[in-house]
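# Remarks on the overall topology
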Amino acid sequence: GAGVSQSPRYKVAKRGQDVALRCDPISGHVSLFWYQQALGQGPEFLTYFQNEAQLDKSGLPSDRFFAERPEGSVSTLKIQRTQQEDSAVYLCASSLAPGLAGGSGQFFGPGTRLTVL
Amino acid sequence: AQRVTQPEKLLSVFKGAPVELKCNYSYSGSPELFWYVQYSRQRLQLLLRHISRESIKGFTADLNKGETSFHLKKPFAQEEDSAMYYCALSGVASGTYKYIFGTGTRLKVLA
């Protein structure tokens, strides 16, 4: 693929529903990040994977948020019992190497816009 | 605390005028600084990295460690530069090279 892809692009959920957001990183990219972007704000870090290992989940706002990357490629961000404050754009990004030295930064997907009614 | 501040939410300039988008940061250690741009209906894309010391689309940014700034500059703005610009910080002190973003500045270049 040409870049990071995310699906669905738009998701409307009723409060209390569970949602699953998918990210397909660039092939061969070791690092995968999830960010949450609320309206009018910059993206905020949620969680980080290096291959299949979730090395940092310090940004997940509550235990309703769960992410996985079981085979070190595709990742899924799951939100249980959605609340209105979960409404945001969820961005996925991948990068070639764990560190940045010599790398080319993070490549972002188009995002999934989640609206919780 | 690690933080990125972009003081201007909106910056409007006329075509051909110079542009400066401000970015200040707070970080313990040696940060890596980036500028990302988001054109209408497009994804975030990397514009500049401070370690590359390059000029992209006529934009440059210099890391000033004394003033903890990484302002983005272009001498002559073009209408196609209209977009949302985000300054981002990363580095080993963040633990996982995650980005810390500013709130963004919307640049409008007027004809």
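Quick summary incoming for the structure in this document. (Residues numbered from 1 in each chain as written. Chains lettered and ligands numbered in written order. Predicted model: local features only at pLDDT ≥ 70, side-chain atom pairs only at ≥ 80, totals over all residues. Heavy atoms only, no water.)

Quick look at the state of the cysteines now. Applying the stated criterion across every chain, the model contains two disulfides over all chains. Between the sulfur atoms of Cys23 of chain A and its disulfide mate Cys92 of chain A the distance is 1.9 Å. As the torsion about the S-S bond is roughly -65 degrees, the Cys23 of chain A-Cys92 of chain A disulfide counts as left-handed. Residue Cys23 of chain A is found in strand 3 (residues 19–24), and its partner Cys92 of chain A is found in strand 9 (residues 88–95); the two are separated by 69 residues along the sequence. Note on accessibility: Cys23 of chain A and Cys92 of chain A belong to one class, buried. For Cys23 of chain B, the disulfide goes to Cys87 of chain B, at an S-S distance of 2.0 Å. (Disulfide = S-S within 2.5 Å. Helix = DSSP H or I, 4+ residues; strand = E, 2+ residues; numbered from the N terminus. Buried < 20%, exposed > 50% of the residue type's maximum accessible area, 1.4 Å probe, protein only.)

Moving on to unusual backbone geometry. The residue after Ser7 of chain A, namely Pro8 of chain A, is reached through a cis peptide bond having omega -10 degrees. Mapped onto the fold, Pro8 of chain A is located in the loop between strand 1 (5–7) and strand 2 (10–13). Phi at Arg41 of chain B takes a positive value of approximately 65 degrees, unusual for a residue other than glycine. Within the secondary structure, Arg41 of chain B is located in the loop between strand 5 (32–38) and strand 6 (45–49). Although it is not a glycine, Lys57 of chain B sits at a positive phi angle of roughly 55 degrees.

In this assembly, 25 residues from chain A lie in contact with 18 residues from chain B. Of the roughly 1,700 Å² buried where chain A meets chain B, counting both sides, 55% is carbon and sulfur surface. At the junction of chain A with chain B, the criterion picks out one salt bridge. Note that Lys98 of chain B and Asp56 of chain A form a salt bridge whose closest N and O atoms lie 3.6 Å from each other. Listed by contribution, the elements that provide at least two residues to the side of chain A that touches chain B are strand 4 (31–37) and strand 5 (44–50) of chain A. A total of three residues in the side of chain A that touches chain B trace back to one element, the largest contributor, which is strand 4 of chain A. For the side of chain A that touches chain B, a count of residues per class yields 12 nonpolar, 12 polar and one charged. (Contact = heavy atoms within 4.5 Å. Buried area = accessible area lost by both parts, 1.4 Å probe. Salt bridge = Lys/Arg side-chain N within 4 Å of Asp/Glu carboxyl O. Nonpolar A, V, L, I, M, F, W, Y, C, P; charged D, E, K, R; others polar.)

Our focus in this paragraph is the side chain of Ser90 of chain B. Residues and elements named next belong to chain B. Along the chain, the position of Ser90 falls in strand 9 (residues 83–90). What makes Ser90 buried here is its relative accessible area of 0%. Only 3.0 Å separates the side chain of Ser90 from the backbone oxygen of Tyr97, close enough to count as a polar contact. At a separation of 3.1 Å, a polar atom in the side chain of Ser90 contacts the main-chain carbonyl oxygen of Lys98. (Polar contact = N/O pair within 3.5 Å; in protein donor to acceptor, adjacent residues only side chain to side chain.)

This part covers the pattern of salt bridges. Per the counting criterion, the structure on display carries eight salt bridges over all chains. A salt bridge links Asp24 of chain A to Arg22 of chain A, with the shortest nitrogen-to-oxygen separation between them at 2.7 Å. Several salt bridges converge on common partners, so that one network encompasses Glu20, Lys22 and Lys73 of chain B.

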